[in-house]
Amino acid sequence: MQLSPLPRRATSRIAKYLVAGIAAATVVTGVTSAVAPAEASAAPASTQRIDGWIKHSLMIMKAKGIPGSYDGIHRNLMRESSGDLYAINLWDSNAKKGIPSKGLMQVIDPTFRTYHVDGTSWDIYDPIANITAACNYAAKRYGSIDNVNGPY
């Protein structure tokens, strides 16, 4: 997979969206504490950060009735992006059509918009929004992200 730098618009807004996503999830799930996001980078995130994003997404998913497990999300996330928030696939059939897969779970823009989950950011690079939308899509198409064992 070929990776591309984070688009300029996302660089200046990513921290705001991450915090906004945390605030929205607090309202939805009743979570009252969260770790502030670290400065954005175009490299795989630490295991601790990935763990936090997955757990945060699972709280939102539970509140919204979206099935999925930590292991199912982690397996797919690592296969799709190796934990790189800003991974972009520039070589597959979607990319050739001008709609490359983006973010942790490698979601294309139309799928992200269709399966976006209320209470999360509309920024496809937001880790919580990306994971949760991908899991919502997988739930509708495959029953759960747990049933996805290859590109989806």
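In what follows, the structure referred to is the one given above.
Just so it is clear, the structure is predicted and the values come from calculations on it, not from any experiment.

A. The arrangement of the environment of Ala 139 in detail. Examined against the element boundaries, Ala 139 turns out to sit in helix H6 (residues 127-142). Placed 73 residues apart in sequence, Ala 139 and Ile 66 show a C-alpha to C-alpha distance of 6.7 Å.

B. Seen up close, the pattern of salt bridges. Counted according to the given criterion, the structure contains three salt bridges. Here Lys 55 and Asp 51 are joined by a salt bridge, their closest N and O atoms 3.2 Å apart. Of this pair, Lys 55 and Asp 51 are both found in helix H2 (residues 47-64), four residues apart, which corresponds to roughly one turn of the helix. The shortest N-O distance in the salt bridge between Lys 102 and Asp 109 comes to 2.9 Å. Accessibility expressed as a relative area gives 13% for Lys 102, which makes it buried.

C. The arrangement of the environment of Leu 58 in detail. For Leu 58, the location among the structural elements is in helix H2. Counting along the chain gives 15 residues from Leu 58 to Ile 73, while the straight-line C-alpha distance between them is 9.1 Å. Those residues in contact with Leu 58 that lie beyond four places of it in its chain are Gly 68, Ser 69, Tyr 70 and Ile 73.

D. Spotlight on unusual backbone geometry. One non-glycine residue, Ser 82, adopts positive backbone phi at about 55°. On the secondary structure map, Ser 82 appears in the loop between helix H3 (70-81) and helix H4 (93-96). Positioned with a positive phi, Gln 106 is a non-glycine residue whose angle comes to about 55°. We classify Gln 106 as buried; its relative accessible area is 8%.

E. Expanded view of the nonpolar core. Grouped together as the largest cluster of nonpolar side chains are 29 residues, with contacts concentrated most on Trp 53, Met 105 and Ile 131. Put simply, the parts of the chain that give this core at least two residues each are H2, H3 and H6. In terms of residue count, the dominant contributor to this core is H6 (eight residues). Other than its neighbours up to four places away in sequence, Trp 53 contacts Ala 45, Leu 85, Leu 104, Pro 127, Ile 128 and Ile 131.

About the cut-offs
- Residues numbered from 1 in each chain as written.
- Predicted model: local features only at pLDDT ≥ 70, side-chain atom pairs only at ≥ 80, totals over all residues.
- Heavy atoms only, no water.
- Helix = DSSP H or I, 4+ residues; strand = E, 2+ residues; numbered from the N terminus.
- Salt bridge = Lys/Arg side-chain N within 4 Å of Asp/Glu carboxyl O.
- Buried < 20%, exposed > 50% of the residue type's maximum accessible area, 1.4 Å probe, protein only.
- Contact = heavy atoms within 4.5 Å.
- Core = buried A, V, L, I, M, F, W, Y, C linked by side-chain atoms within 4.5 Å.

The values reported here are purely geometric and, on their own, carry no functional implication.
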